[in-house]
Amino acid sequence: MNESLSEQGRLQHLLSSRSTSSIVLESSIALLIFLVAVPGNTLVLLVVYKTPRLRNAAGILITSLAISDLSLMLLLFPPAFSAMITGRWLGGFYLCQISGYAVPFLCSGSLQTMALMALDRHFRIAHPIKHRTIFSVKRTKLMVVLVWLVASTVQLPYVANGGVYTFHPGKFFCFVDFSFLAKLGIVYLVVPSLVIQHFYMKVFLALRANKKRVKTLQRQSRDAFRMTAQEVKLTRTLLVTVIAYAICWTPVMIIDFVEMARGGWVLSRGAYMMYSTCGLASACINPLVYGFMNRVFRAEYMRLLGIRTLNISNSSVASVEQQ
């Protein structure tokens, strides 16, 4: 405990004694991420809401992920940003407890939602007949609700045992102790990550096997149900989304596990700055990936922003909406 306090003091000193240029650089990066993530995820939600044909299983999961990212930024960014500028936590004890509870809850919910995405894509590509039953709109909504109910239990054992969240001067937000973090990592991070890897590997192999036929209708076990090239494009978009999340969250998980192994906040400020930047940047993934890779999202972004799009016919947009 004394060692943890000394490490907290070391990081607090480094945070408080930064140069003006460091403060401006760190806060500017965080502000840029915020200005992309919040309007971007808001646009994602508006696109799904205004496009009826996107209100399917994939659209529901995209919405769940966007709400999670938006909530993370709105809850975490203001106190973290103030700490970046002033060099100390200004939110007080209760906001520290609220944000400390919310961050693992939202991160766990996002990861479990991505695991559901992996299952959805696996059934859509490999077992399309079953997919229509398992991932109906009603059942997908129920699964999303269950995911968030499970995610809400992440911190209950810690709080029930009198656990208190402490401001981490390196990460800019309030954090749990290490003994509980180990259990949290195994149950709520490792298991969903393995599910995602397993099923997206199967999806990847299926896409690779069907690469030469993505421009034609692919026959399945029955002619009554067919998968179009648009569905393959959506699968690739969601696969890129998961890969981008993995790129952002892998450094975060590595730093957390290194801290657990060494039993303290022993890393450099640079490592912790990368931790916070990667964690915040993950909230930008949804709007950016969909904007670059999904034609209907890109067209709707431009329409909502009042930008005229050229050479996009109604028929082409309608065909993309079928994703």
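Residues numbered from 1 in each chain as written. Predicted model: local features only at pLDDT ≥ 70, side-chain atom pairs only at ≥ 80, totals over all residues. Heavy atoms only, no water.

Position of glutamine 112 relative to the elements: it lies in helix α4 (residues 92–126). Glutamine 112 gets classed as buried once you look at its relative accessible area, which sits at 13%. A polar atom in the side chain of glutamine 112 sits 2.8 Å from the side chain of serine 108. (Helix = DSSP H or I, 4+ residues; strand = E, 2+ residues; numbered from the N terminus. Buried < 20%, exposed > 50% of the residue type's maximum accessible area, 1.4 Å probe, protein only. Polar contact = N/O pair within 3.5 Å; in protein donor to acceptor, adjacent residues only side chain to side chain.)

Turning our eyes to something else, we now look at the packing of aromatic side chains. Following the criterion strictly, the structure yields 11 aromatic pairs and no others. Residues phenylalanine 105 and tryptophan 148 carry aromatic rings whose centres are separated by 5.4 Å and whose planes lie at 70° to one another, so their mutual orientation is edge-to-face. In this pair, phenylalanine 105 is assigned in helix α4 and tryptophan 148 in helix α6 (residues 137–151), connecting sequence segments 43 residues apart. On the basis of relative accessible area, phenylalanine 105 is assigned to the partly exposed category, the value being 21%. Classification of tryptophan 148 by relative accessible area gives buried; the value is 18%. A network of ring pairs unites the aromatic residues Phe34, Phe77 and Phe81 as a single cluster. Sitting above the plane of the phenylalanine 175 ring, lysine 171 keeps its charged end 3.7 Å from the centroid. (Phe/Tyr/Trp six-rings, centres within 6.5 Å; stacked < 30°, edge-to-face > 60°. Lys NZ or Arg CZ within 6 Å of the ring centre and 35° of its normal.)

Moving on: the pattern of salt bridges. Within the structure shown, the criterion is met by seven salt bridges. Arginine 10 is the salt-bridge partner of glutamate 7, the closest N and O atoms lying 2.8 Å from each other. Here glutamate 7 pairs with arginine 10, and both are found in helix α1 (residues 2–16), just three residues apart, close to one helical turn. Since its relative accessible area comes to 29%, arginine 10 is described here as partly exposed. We note a salt bridge from glutamate 300 to arginine 303, for which the minimum N-O separation is 2.9 Å. Taken together, the residues span about one helical turn, with glutamate 300 and arginine 303 both in helix α12 (residues 295–304) at a distance of three residues. According to the relative accessible area criterion, arginine 303 is partly exposed, its value standing at 48%. Linked through salt bridges whose partners overlap, the residues forming this network are Arg18, Glu26 and Arg269. (Salt bridge = Lys/Arg side-chain N within 4 Å of Asp/Glu carboxyl O.)

Below, the discussion takes up the confidence of the model for the protein chain. Mean pLDDT for the protein chain: 80, with 81% of residues reaching 70 or above. Mean pLDDT in the protein chain bottoms out at helix α13 (residues 314–321), which sits at 41, and peaks at α6, which reaches 93. Scored below 50 in pLDDT, residues 214–226 makes 23 contacts in the model with residues more than four places away or belonging to other chains. (pLDDT = per-residue confidence, 0-100. Contact = heavy atoms within 4.5 Å.)

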